[in-house]
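Summary of structural features
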Amino acid sequence: MTNFRDLLKQAKSAIDETTPEEVRRRLEAGERLEVLDVREDDEVQHGLVPGAQHLSRSHFESRVEDALPNKEAPVVVYCASGVRSVFAARTLQELGYSKVASMNGGFSRWKDLGYDYSIPKVFDASQRDRYARHLILPEVGLEGQMKLLEAKVLVIGAGGLGSPALLYLAAAGVGTIGVVDSDIVEANNLQRQVVHNTDRIGTPKAQSARETLTRLNPDVKVVAHEFRIDASNAPELIAAYDVIVDGSDNFDTRYVVNDAAVALGKPVVHGSIFRFEGMLSTFVPYEGPCYRCLYPAAPPPELAPNCSEAGVLGVLPGIVGTLQANEVLKLIVGYGEPLVGRLLTFDAQTTRFGEVKVRRDPKCPICGEAAGDDRAAANVTNGAVLEKAGTPTA
Amino acid sequence: MSVEVRIPTVFRRFTNQEAVASLEPGTIADLVAQLERRYPGIGDQLLAEDRQLHRFINVYLNDEDIRYLNKLETQVSEGDTVSLLPSVAGG
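Being a predicted model, the structure only gives us computed values, none of them experimental.

What counts and what doesn't
- Residues numbered from 1 in each chain as written.
- Chains lettered and ligands numbered in written order.
- Predicted model: local features only at pLDDT ≥ 70, side-chain atom pairs only at ≥ 80, totals over all residues.
- Heavy atoms only, no water.
- Helix = DSSP H or I, 4+ residues; strand = E, 2+ residues; numbered from the N terminus.
- Buried < 20%, exposed > 50% of the residue type's maximum accessible area, 1.4 Å probe, protein only.
- Contact = heavy atoms within 4.5 Å.
- Areas by Shrake-Rupley, 256 points an atom, 1.4 Å probe, with all protein chains shown as cover.
- Lys, Arg positive; Asp, Glu negative; His and termini not counted.
- Charge placed at Lys NZ, Arg CZ, Asp CG, Glu CD.
- Core = buried A, V, L, I, M, F, W, Y, C linked by side-chain atoms within 4.5 Å.
- Buried area = accessible area lost by both parts, 1.4 Å probe.
- Salt bridge = Lys/Arg side-chain N within 4 Å of Asp/Glu carboxyl O.
- Polar contact = N/O pair within 3.5 Å; in protein donor to acceptor, adjacent residues only side chain to side chain.

Attention now goes to the overall build of chain B. The helix and strand tally for chain B stands at 2 helices and 7 strands. Here chain B, with 91 residues, has 56% of them falling under the buried criterion. Taking as baseline every contact in chain B between residues at least 6 positions apart, the subset at least 24 positions apart corresponds to 49%. Counting only carbon and sulfur atoms, one obtains 45% of the accessible surface of chain B, whose full area is about 4200 Å². The distance from the centre of the 9 positive side-chain charges to the centre of the 14 negative ones in chain B is 6 Å.

All names here are of chain A. Of note, Asp 183 is situated in the loop between strand S7 (176–180) and helix H11 (205–216). On a C-alpha basis, the gap between Asp 183 and Arg 228 in space is 8.4 Å, while along the polypeptide they are 45 residues apart. The residues contacting Asp 183, other than those within four sequence positions of it, are Thr 203, Pro 204 and Lys 205.

With 42 residues, the main nonpolar core has Val5(B), Phe11(B), Leu35(B), Val82(B) and Leu84(B) as its most contacted residues. Apart from residues no more than four positions distant in its own chain, Leu84(B) is found in contact with Val5(B), Arg6(B), Ile7(B), Pro8(B), Phe11(B), Leu35(B), Leu46(B), Asn58(B) and Val59(B). Core analysis: the second largest hydrophobic core is formed by 31 residues, Leu167(A), Ala170(A), Val174(A) and Leu329(A) among them.

This part is about the interface of chain B and chain A. With 23 residues of chain B at the contact, the number on the chain A side is 38 residues. Both faces combined, the contact of chain B with chain A buries some 2500 Å², and carbon together with sulfur accounts for 55% of it. Taken together, the connections running from chain B to chain A amount to 4 salt bridges. Of the charged contacts in the structure, one is a salt bridge between Glu64(B) and Arg359(A), with a shortest N-O distance of 2.7 Å. Taken together, the links from chain B to chain A amount to 17 residue pairs in polar contact (both at pLDDT 80 or more).

Have a look at this one:
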């Protein structure tokens, strides 16, 4: 009758073993060594060998060929002490991997030797549940969801456009959301500003939004900026975020936000509405046009009635603001085709969308040739934004 | 066949709330003149004192901004669609 000791002995005699010292030497020498951690999820949370892939033994046989497609590549397997990895290495051998070794002493020994280790980004059980519908989308998945949780998005205005954008960004798990608004919730806002509610009348909008979003998703850190954004504070505020959502209600703010965001290399997802019509575009500095390329100047007040004078259909900002959130997700995660170099228009009376081209204006005072191409100097956002933003039609 | 000009909400107070105007082909400047004859007052909304387009109004021939075509001299043919798109700030 074979017992555990016999089984271990047999497996050990069939495979190669290596040491943490040797593994570290090979990794530091730049060898393309596949390192596989076969511990359970809760063990890996406290650290793993830098660059190692984690595949717990419960899914090992079914998933390892996807994780390590090249059976000729050298593979080192480790666990906590070097027992489970012996059996995993034996399994790999049986699956046809030709250069497999188990790391003696495992991660405990690695840590005792004082070698570097990384703390993996893992989802806890409640996050796996909350984001389940994202995690099974190949375009988002674990990696995309992690990008969302690490992203910082600033929403200018917790009003008609900001409300749906904030709700969906928080629901999607955008980790840090800044809300800039100096206004107080009023009863006449509630026809469209759905992030607030009747109990919040008289409360600062940024605070009210924070309360709603925190209840929707406790993963999200909501920063309430209870002031009006202007030229003096915009650069510092915008610099702290990856993507800006412009849901403001006046031209001054829109140009201030644009100019600061271009200077800092931050993408702005623009939305604006009037009565029954809205428009939307994504401005990625130097990759596509900016707001001033689209409209070089604001109209004088007599030619620019605002929504409080002219009215606005409540559901309209709901549609446009939701589309803004959709743009933000694409920029952060990196899938799809952002609305760069394109302006989407929406007419709520006819339920018609239109699209026109927006070109980068070479004479733009902010992002044109005269302004100098500061792209290299700009503190450009995360890689996904630039990789996927693409070049606009020009 | 004629040219279809889409009128945005902001200007519909001049057009008895009509959302589309069917006009004769010509240059954009010709179309603006036709609009002004039909709907007095709308011309000043589109053109500044120097008779150029206001910098906060974009005009598109189909999906192309006329600033990158031939500006007000851009020729519009039968079947084309012209869209007027003023800058709006509401949020």
